[in-house]
Amino acid sequence: SPRVLSGIQPTADSFHLGNYLGAVRQYVAMQEGYDAFYCVVDLHAITVDYQPEALRRRSRIAAAQLFAAGLDPERSTVFVQSHVREHTELAWVLICLTGMGEAGRMTQFKDKSAKSGESSAGVGLFTYPILQAADILLYQANRVPVGADQKQHLELTRDLAQRFNHRFGETFTLPEPHIVKGVEKITDLQEPTAKMSKSSSSAAGILDLLEQPGPLRKKVMRAVTDAGSEILADDENKPGVTNLLRIQSALSGTPIPELEARYAGQGYGTFKKDVAELVVETFTPIRERTEKLLANEADLDRMLAVGAARARTVAASTMAQVRDRVGFLPSL
Ligand code: TYM
């Protein structure tokens, strides 16, 4: 069966609703029909300022949330990126195939380095998308479920795969991004034209998967809505209401026009209350399962060891081919 791979960063103590709808829910769905690989990308997480203890904690929290959200360790290979050395090894080879200008055009790098100040942005941040390409190409992934913000990184990945294949012979599968319309960019509740983001959203703008029902309800009720009182999807004039409609539609499986009809003539109050309940109903069981998994670190670490062993088999086979193709001497 075709292969799927995706990665998620352990850079916060919880995933948020954007991560969940744009990525994690897709991971779970794609266990059907795909040979699935999902990795907690701790190597990516050290491209910005961080604390070692926080990274360790967050890597376990990230893995626990993936299992809690529905990844089945029997069907999916869930692992931690740094456990599979081939990621860094392939990244180096791909770095040597990437142009400075090409890497410099990555908009996420430009945004992140602008924020941290030109001189304090590390070289790791610059090479971040190339490591991401290595993650994907190592597993010969056909599909990569991601949010819209990762589109450019997927284009670079395809370019690098093609470049390698032309120069050294057919080696890598060209991956397709899997970006789901309607959930590809969930926005900040307080700033509904900006992406909901671990690094730039305020606490009031973000709904965390592991948050308690009280604060979740409060944040949805206080979400910025727009002038007027109609509940209609309109990105131009009603980005706040539109974001909430997308969230409700995705969580309930109800098409947006049906929701617009349901709330016709009603104010924002009932609508927001319904969205809040839906968020709480979705998040609560995931939070409870995450807490259970985290209460037994030894078991969680064992699940990740099994994942790493499976991932290594695939990664080692690709890397053996790469070493030979690029002209490295066999190490006897
Ligand atoms: P990260 O951890 O920043 O984000 C994880 C996933 O969540 C998606 N996402 C969103 N989707 C919709 N609306 C939002 N507001 C929102 N915010 C985040 C992201 O698009 C992403 O899919 N570079 C990747 C990590 C990575 C990776 C990989 C992904 C490393 N290696 C290999 C795919 C394949 C990232 O930004 O993760």
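Going by the structure above, here's the rest.
Anyway, here's the lowdown on the structure attached to this text. As the structure is a computational prediction, the values presented were derived from the model and not from experiment.

**A short note on the site of the ligand**
Part 1 of the argument: Every one of the 28 residues lining the ligand counts as a neighbour, but Gln9, Tyr128, Asp135, Asp149 and Ile186 are closest to it.
Part 2 of the argument: Residue Ile186 places a main-chain N or O atom 2.8 Å away from a nitrogen atom belonging to the ligand.
Part 3 of the argument: Here the ligand, which alone exposes 710 Å², has 97% of that area covered by the protein.
Part 4 of the argument: Secondary structure elements with two or more residues in the shell around the ligand: strand E1 (3-8), helix H1 (17-29) and helix H7 (123-138).
Part 5 of the argument: Here the residues of the shell around the ligand are counted per class, giving 11 nonpolar, 11 polar and six charged.

**Remarks on the nonpolar core**
Part 1 of the argument: If you look at the biggest cluster of nonpolar residues, it comprises 53 residues, and the most contacted ones within it are Tyr20 and Leu66.
Part 2 of the argument: Excluding residues that lie within four positions of it along the chain, Tyr20 makes contacts with Arg25, Ala69, Leu209, Leu251, Thr282, Phe283 and Ile286.
Part 3 of the argument: Counting 41 residues, the second-largest nonpolar core is a separate cluster that includes Leu131, Leu138, Val146 and Ala311.

**Quick word on helix H12 (residues 268-294)**
Because each turn of an α-helix spans 3.6 residues, side chains separated by three or four positions in sequence point in the same direction.
Part 1 of the argument: An ideal rise of 1.5 Å per residue puts 39 Å on 27 residues; H12 measures up with 38 Å between its terminal C-alpha atoms.
Part 2 of the argument: Largest kink in H12: about 25°, centred on Phe283, with the proline Pro285 one to four residues after it.

About the thresholds
Residues numbered from 1 in each chain as written. Predicted model: local features only at pLDDT ≥ 70, side-chain atom pairs only at ≥ 80, totals over all residues. Heavy atoms only, no water. Near = heavy atom within 4 Å. Polar contact = N/O pair within 3.5 Å; in protein donor to acceptor, adjacent residues only side chain to side chain. Areas by Shrake-Rupley, 256 points an atom, 1.4 Å probe, with all protein chains shown as cover. Helix = DSSP H or I, 4+ residues; strand = E, 2+ residues; numbered from the N terminus. Nonpolar A, V, L, I, M, F, W, Y, C, P; charged D, E, K, R; others polar. Core = buried A, V, L, I, M, F, W, Y, C linked by side-chain atoms within 4.5 Å. Buried < 20%, exposed > 50% of the residue type's maximum accessible area, 1.4 Å probe, protein only. Contact = heavy atoms within 4.5 Å. Expected span 1.5 Å × (residues − 1). Bend = angle between axes of the 7 residues up to and from the residue.

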